[in-house]
Each structure stands twice: as C-alpha cells, then as structure tokens.
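Descriptive structure summary
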2 protein chains.
Amino acid sequence: MRLLPHPATENIELTEVLRALSDPVRLEIVARLAVAGEMTCTVAGDDLGVHKSTASHHYRMLREAGVVLTKQVGRLKYMSLRRDDLDRRFPGLLDSVLGSVLGVPRP
Amino acid sequence: MRLLPHPATENIELTEVLRALSDPVRLEIVARLAVAGEMTCTVAGDDLGVHKSTASHHYRMLREAGVVLTKQVGRLKYMSLRRDDLDRRFPGLLDSVLGSVLGVPRP
DNA sequence: CGTACAGTTGGATTGTTGTCAAACCATTGG
DNA sequence: CCAATGGTTTGACAACAATCCAACTGTACG
C-alpha cells in the first residue's frame, strides 16, 4: 500500500481548493466520494461523460489541491475526501459545498 | 441610480461562484467588501497590484457569477456582496470562505 | 510468462483567463 | 461646453485548462 504525493494540511491553499471544486466534473467526483466514501478511480469516474484520461487529469487536480487523498493498493487506486484536513484548514467550507451539491436536509 | 445586469438568485451557479472566488485578486476584493460593506470600484480596487482594466474585468466576473451587486450612482459604481442571495442559495458557503480569508474568531 | 486490467502520460487541439495598454464612454463640475 | 473623473471596452499576448486519442506503465491473475 503506497500513498501518492499530497500537499501537507498547512499547505492547502483556499484558492486552489475553490478552483478544484469549480469544475462540474470534479464537483461530481467529490460528491460521489462524500456519499460513498473511499472508492477506486474507476468507480469514481464511471459515467462521468469524459474520457478516462480526462478523469485521471481531474483526479490529479483534486489531489494536488489537497481535496482528496489517494492510496494505491495493488493495481487499484483508492480516493477519499480529506474531510478532516479541509475542515481544520477551512472550517465549514466542504460541508457547505456538499450541502449545496447534495441538497441539505431542512428541518 | 441604475442597477447593472445581474443573474437572478435562482440562476446563480455553484461552480461559477467557486470559480469567481478562486482567484486571489477577486478573493481580496470580496474580503474588502465583507469588511467594509458597499464601496466604489475605485476603493475596492485600490492597491490590488493590477491595472485598473484588469480590476474592472474582475468586477464583471464577480457580478456575472452572482457574487456582488453593482449599482451606478452618478459616475460612481458601488459594489456590495450579495450575502443574502448567496446564503439562500448556498447556505454557509460565503461565511466559511470569509472565515478562512479573514480569520475566524476562536472562543 | 503473457495477457488483461487500472490508471497515467504525452501530444494535439481548442477554448478560457489574467494581464497590460490604449482608447473609449458617461457623468459631473467648472 | 469642455475638461476631469470613474470605469469599461478592445486588442494583444502568454499561460493555463479541458478534452480526446494513442501509447505507455505497473500490477496481478491464469
């Protein structure tokens, strides 16, 4: 099991996170990760409507911005949201974005 | 007093807002508006380190994304954050961004 | 070992963006 | 009316980004 290179929590930049989340395809990937938790690239990128190399490009953007964590297990790569890191650095940001994407439960 | 064209609240898109906020210059403008409230373009763009035409370009991005409201009074244009609209559409988003930019008061 | 699978990389293309400079437009004050 | 002020537009340019396709790399399974 190997971890790919990621930015340290302190080095996650707000503008880069916002930039990473500002693409519809990436936002969809993030939403899936939020709902289903850790998943492989293939699953995360299923039916996105883009070529798999394009999806791969988006995985890297998300990883380099500090939004997702990627670890390799065998020939699979698992992605997951860096919820805790993001929340420590930008409290409430991810929740509000996910709330808007997934729909907020209203009392 | 004239209002410039703006997107209606329902038409404000999350990805466009995130995109608008993902530029350091625009984020600085938004932070100033958050702190000082309504202000003219000249004041908002003072000492940003970019040419005034570049600043003007950013004002438009922010307006077209639905982040700011611009009204013309005489030869001045006043910008203000669309706090209520944004909060209705994407609850908590603007607050979390501003909190991260301006620093959150911790108890 | 070789084939299939999971994902990345490189190249090409097309479109977008941030920037400056210079010219422009609109409003107001003399 | 003319000049100054406040912003915008246009043109040019370099950098970046999203996309596809094809070729590639690495891992495991038969």
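Quick summary incoming for the structure in this document. Since the structure is predicted, the reported quantities are computational estimates derived from the model, not experimental observations. (Residues numbered from 1 in each chain as written. Chains lettered and ligands numbered in written order. Predicted model: local features only at pLDDT ≥ 70, side-chain atom pairs only at ≥ 80, totals over all residues. Heavy atoms only, no water.)

This next bit is on the pairing of strand β4 (residues 76-81) of chain B. Residues in a regular strand project their side chains so that they alternate between the two faces of the sheet. All names here are of chain B. In terms of strand pairing, strand β2 (residues 39-40) meets β4 through two bridges, oriented antiparallel. Considered in β4, the bridge of T40 is made with Y78. In this structure, strand β3 (residues 68-73) lies alongside β4, joined through six bridges in antiparallel fashion. In the strand pairing of β4, Q72 is matched with K77. (Pairing = 2+ DSSP bridges. Helix = DSSP H or I, 4+ residues; strand = E, 2+ residues; numbered from the N terminus.)

Before going further, it helps to spend a moment on the protein's contact with DNA strand D. Near DNA strand D there are 25 residues, and of these A:H51, A:S53, A:H58, B:T42 and B:S56 occur at the shortest range. Each atom of DNA strand D within 4 Å of the protein was assigned to sugar, phosphate or base; sugar and phosphate come to 62%. Between a phosphate oxygen of DNA strand D and a side-chain N or O atom of B:R60, the distance comes to 3.5 Å. Listing elements by their share of the surface near DNA strand D, those giving two or more residues are α4 (52-65) of chain A together with α3 (41-44), α4 (52-65) and β4 of chain B. Grouping the amino acids of the surface near DNA strand D by side-chain chemistry returns five nonpolar, 11 polar and nine charged. (Near = heavy atom within 4 Å. Polar contact = N/O pair within 3.5 Å; in protein donor to acceptor, adjacent residues only side chain to side chain. Nonpolar A, V, L, I, M, F, W, Y, C, P; charged D, E, K, R; others polar.)

Core analysis: the biggest nonpolar cluster contains 60 residues, and A:V67 and B:V67 have the highest contact counts within it. Beyond its immediate stretch of four places on either side in the chain, A:V67 contacts A:V17, A:A20, A:L21, A:V30, A:L62, A:S80, A:L81, A:R82 and A:L86. (Core = buried A, V, L, I, M, F, W, Y, C linked by side-chain atoms within 4.5 Å. Buried < 20%, exposed > 50% of the residue type's maximum accessible area, 1.4 Å probe, protein only. Contact = heavy atoms within 4.5 Å.)

It is worth spelling out the sheet that holds strand β1 (residues 2-3) of chain A at this point. All names here are of chain A. Taken in spatial order, the four strands line up as β1-β3-β4-β2 in an open sheet, and their pairing is antiparallel. Each edge of the open sheet is held by one strand with a lone partner, namely β1 and β2 (39-40). In this fold helix α2 (residues 24-36) packs onto β2, β3 (68-73) and β4 (76-81), with an angle of close to 85 degrees to the strand it touches most, β4. (Axes fitted to C-alpha atoms, helices over the stretch in contact; angles between N-to-C directions.)

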